[in-house]
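If you want the building blocks of each chain, they are given just below.
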Amino acid sequence: GEINKSRYLKFKGRDGVSVRGKVIGKTDRRPVEDAHIRVAKKDSPNANVVTWFTKTDPLGNWSIVVPRANSLQVVCSGQVEGYDLQSVQEYQTIAEVADQVTEITVPAFEIKQLLPLSGRGLDENGKAVPGALVASTYGRWLTKDFLRFVPLGSSTKSNSNGNFTFNTNRSNWEEGFVRVEATIDGVRCGGRVRITEPVNEALEIH
C-alpha cells in the first residue's frame, strides 16, 4: 500500500468485444429462453480454459462482452423443455474479429424442437382419471455401477378427460418411464409405462 501511495498503476490492454445473438425454435420460430451460451477463444491452446458464459432472456436474445481475440467459438447448449440442446456439434459457430470491430452479431441458433409426450391416465376399469399427477424419468448412468433416474421434463396433471401432455428436455435418452399417480376413493394408486425414444403414439397408463 505505501509503495504505490499517490501513484497510478497503468495497464496496457485492448477493449473487449461485444458478442450478441438469438436462439429460436427451428419450426415455430419462437424465442428460446434459458439456453446456455458459451464463448471461448478459438485460437487458445485449450478453448475450455478461458470461457465466458451467459443465458438467453425471455425474447431468446443474449449478449456478452469478452476479451478481444482473433477468433471466437460460440456454442449453444443446456436443457430447455421442448427443445434439443444436447447436440453441441450442431449449435456452434465461429466468429472472426477484425481489428477495428467492437460489436459482433452471430447468426441465430435455430434449435430442433422435440415432440411432446402425451397420453391418458385410466383406472383398472378403463375409466379416465382426472387431476392425476404425471411425471417422467429416464435412467442415467453416472458410473458403470450407479444408475440415477432424472426427470425428462416437468411434472403435470391430467385434465378432466384423463389426458395429459408434456415436453421433454432432451432427445438422447434410451429408456424412460412415465408414471401416473392419483387418490381414488381414498386409496393412493399409481401406474407406469416404460418408454423408449421415439414415442409416436399416445400412452395409455392404468
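Values in this document were obtained by computation on a predicted structure and should not be read as measured data. (Residues numbered from 1 in each chain as written. Predicted model: local features only at pLDDT ≥ 70, side-chain atom pairs only at ≥ 80, totals over all residues. Heavy atoms only, no water.)

(A) The arrangement of the sheet that holds strand 5 (residues 71–77) in detail. An order of 3-2-5-6 is seen for the 4 strands of this open sheet, with the pairing classed as antiparallel. Of all strands in the sheet, those with a lone pairing partner are strand 3 (51–55) and strand 6 (92–96), marking the two edges. Ignoring which end each strand starts from, the neighbouring axes of this sheet average 20° apart. In terms of strand pairing, strand 5 meets strand 6 through 5 bridges, oriented antiparallel. Note that in strand 6 the partner of Ser71 across the bridge is Glu96. (Pairing = 2+ DSSP bridges. Helix = DSSP H or I, 4+ residues; strand = E, 2+ residues; numbered from the N terminus. Axes fitted to C-alpha atoms, helices over the stretch in contact; angles between N-to-C directions.)

(B) Quick look at the side chain of Ser136. Here Ser136 lies in strand 10 (residues 133–141). In this view, Ser136 contacts Val150, Pro151, Leu152, Gly153, Phe166, Phe177 and Val178; residues no more than four positions away in its chain are not counted. (Contact = heavy atoms within 4.5 Å.)

(C) Representation of the side chain of Arg68. Residue position: Arg68 is located in the loop between strand 4 (61–66) and strand 5. Despite its burial, Arg68 remains without a salt bridge, the nearest opposite charge being carried by Asp99 at 6.0 Å. Reaching out from Arg68, the side chain makes a polar contact with the backbone oxygen of Ala98 at a distance of 3.1 Å. Among the polar contacts made by the side chain of Arg68, one reaches the main-chain carbonyl oxygen of Asp99 at a distance of 3.5 Å. (Buried < 20%, exposed > 50% of the residue type's maximum accessible area, 1.4 Å probe, protein only. Lys, Arg positive; Asp, Glu negative; His and termini not counted. Salt bridge = Lys/Arg side-chain N within 4 Å of Asp/Glu carboxyl O. Polar contact = N/O pair within 3.5 Å; in protein donor to acceptor, adjacent residues only side chain to side chain.)

(D) Highlighting the environment of Pro67. Tracing the backbone through its elements, the reader meets Pro67 in the loop between strand 4 and strand 5. Counting along the chain gives 15 residues from Pro67 to Trp52, while the straight-line C-alpha distance between them is 9.6 Å.

(E) Fine view of the packing of aromatic side chains. Here the structure, examined in full by the defined rule, presents 2 aromatic pairs. Here Phe164 and Phe166 contribute two aromatic rings whose centre-to-centre distance is 6.3 Å and whose plane-to-plane angle is 20°, an arrangement assigned as stacked. Phe166 gets classed as buried once you look at its relative accessible area, which sits at 6%. (Phe/Tyr/Trp six-rings, centres within 6.5 Å; stacked < 30°, edge-to-face > 60°.)

(F) Here's a closer look at the pairing of strand 13 (residues 163–166). Side chains Phe164 and Phe166 of strand 13 all project onto a buried face; the interleaved residues Asn163 and Thr165 project onto a face where none is buried. As paired strands, strand 9 (residues 117–121) and strand 13 are joined by 4 bridges and run antiparallel to one another. Bridge pairing links Leu117 to Phe166 in strand 13.

(G) The arrangement of the pattern of salt bridges in detail. Applying the stated criterion across every chain yields a total of 6 salt bridges. A salt bridge links Glu181 to Arg179, with the nearest nitrogen and oxygen atoms 2.6 Å apart. The class of Glu181 is partly exposed, set by a relative accessible area of 25%. What emerges from the salt-bridge pattern is a single network uniting Arg179, Glu181 and Arg188.

(H) Representation of the sheet that holds strand 9 in the model. Judged by pairing direction, the sheet is mixed, and its 3 strands sit side by side in the order 13-9-16 without closing on themselves. The sheet is open, and its two edges are formed by strand 13 and strand 16 (203–205), each paired on a single side. Recorded for the sheet is a direction-independent mean angle of 25° between the axes of neighbouring strands.

(I) Structural view of the nonpolar core. Val19, Val23, Leu72 and Cys76 are the most contacted members of the largest nonpolar core, which totals 25 residues. Each residue touching Cys76, except ones within four places of it in the same chain, is listed here: Val23, Ala35, His36, Ile37, Leu85, Tyr91, Phe109 and Ile111. Grouped together as the second largest cluster of nonpolar side chains are 16 residues, Leu117, Val129, Ala182 and Leu203 included. (Core = buried A, V, L, I, M, F, W, Y, C linked by side-chain atoms within 4.5 Å.)

(J) The arrangement of a nonpolar patch on the surface in detail. On the surface, Trp141, Leu147 and Phe149 cluster together to form a nonpolar patch covering roughly 330 Å² of accessible area. With respect to the helices and strands, Phe149 occurs in strand 11 (residues 147–151). For Phe149, a relative accessible area of 44% gives the class partly exposed. (Patch = residues over 30% accessible without salt bridge, like charges linked within 9 Å, V, L, I, M, F, W, Y side chains within 5 Å. Areas by Shrake-Rupley, 256 points an atom, 1.4 Å probe, with all protein chains shown as cover.)

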